[in-house]
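What the coordinates show
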Amino acid sequence: MSQEYYQTLHQQYPFLSAENLDLLQRQSTIVKLDKKAYWQEGNYKDKVAFIVSGAIRAFFIDEEGKEKTTIIRPAKKTIVAPGATKLLEHKTYYLQAITDTVLIEI
């Protein structure tokens, strides 16, 4: 089954060689999330993933305690935790599945 997920990745990025795909497979993990499950929460800033199916949103809690969604990523896109580039380091972010979601976490 996981081979199917990597095939989706290859279809999205056809320039990846078989050798590169093999390397990605050895250095990644398949993560399955139920709707509303968190992929990352808090101060994690080091994870990158390819969304095989489903969708992910990133949000933070403002000073009034309200959720502020800043990123929505659909299937067949990559996602990096906000703050990974240190541009948004001052906020604590949460990344949550909008629907049942499958990720290739790198």
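Each value, and the rule that gives it
Residues numbered from 1 in each chain as written. Predicted model: local features only at pLDDT ≥ 70, side-chain atom pairs only at ≥ 80, totals over all residues. Heavy atoms only, no water. Helix = DSSP H or I, 4+ residues; strand = E, 2+ residues; numbered from the N terminus. Contact = heavy atoms within 4.5 Å. Polar contact = N/O pair within 3.5 Å; in protein donor to acceptor, adjacent residues only side chain to side chain. Pairing = 2+ DSSP bridges. Axes fitted to C-alpha atoms, helices over the stretch in contact; angles between N-to-C directions. Phe/Tyr/Trp six-rings, centres within 6.5 Å; stacked < 30°, edge-to-face > 60°. Buried < 20%, exposed > 50% of the residue type's maximum accessible area, 1.4 Å probe, protein only. Salt bridge = Lys/Arg side-chain N within 4 Å of Asp/Glu carboxyl O.

**Comments concerning the environment of serine 28**
Among the structural elements, serine 28 can be located in the loop between helix 2 (18-26) and strand 1 (29-33). With sequence-adjacent residues up to four places away left out, serine 28 is seen in contact with Tyr6, Ile104, Glu105 and Ile106. Among the polar contacts listed, one links the side chain of serine 28 to the side chain of tyrosine 6, at a separation of 2.5 Å. One polar contact links the side chain of serine 28 to the main-chain carbonyl oxygen of leucine 24, over a distance of 2.6 Å.

**Focus: the sheet that holds strand 8 (residues 101-105)**
As summarised here, the arrangement of the four strands in space is 1-8-3-6, forming an open sheet in which the pairing is antiparallel. Looking at strand neighbours, the two that pair on one side only are strand 1 and strand 6 (78-80), the edges of this open sheet. Direction aside, the axes of adjacent strands within the sheet are offset by 30 degrees on average. Where strand 3 (residues 48-53) lies against strand 8, four bridges are found, and the strand directions are antiparallel. Considered in strand 8, the bridge of isoleucine 51 is made with leucine 103.

**Points about the packing of aromatic side chains**
Enumeration according to the criterion identifies six aromatic pairs in this entry. Consider the rings of phenylalanine 59 and tyrosine 94, whose centres lie 5.3 Å apart with planes at 20 degrees: the pair is stacked. Separated by 35 residues along the polypeptide, phenylalanine 59 in strand 4 (residues 55-61) and tyrosine 94 in strand 7 (residues 93-97) bring together distant segments of the chain. For tyrosine 94, a relative accessible area of 22% puts it in the partly exposed group. Centre to centre, the rings of phenylalanine 60 and tyrosine 93 are 5.7 Å apart; their planes meet at 65 degrees, and the pair counts as edge-to-face. In this pair, phenylalanine 60 sits in strand 4 while tyrosine 93 sits in strand 7, placing the two residues 33 residues apart along the sequence. We note that phenylalanine 60, like tyrosine 93, is buried. Through pairs of rings, three or more aromatic residues link up here, namely Tyr13, Phe15 and Phe50.

**Topic: the pattern of salt bridges**
Tallying each qualifying case throughout the model produces four salt bridges. Where glutamate 67 meets arginine 57, a salt bridge forms, and the shortest distance between an N and an O atom there is 2.6 Å. In this pair, glutamate 67 is assigned in strand 5 (residues 67-74) and arginine 57 in strand 4, connecting sequence segments 10 residues apart. A residue is classified by how much of its surface remains accessible, and glutamate 67, at 44% relative accessible area, is partly exposed. One salt bridge connects lysine 68 with aspartate 62, and the closest N-O pair in it is separated by 3.7 Å. Owing to a relative accessible area of 37%, lysine 68 belongs among the partly exposed residues under this scheme. The exposure class assigned to aspartate 62 is buried, which follows from its relative accessible area of 13%.

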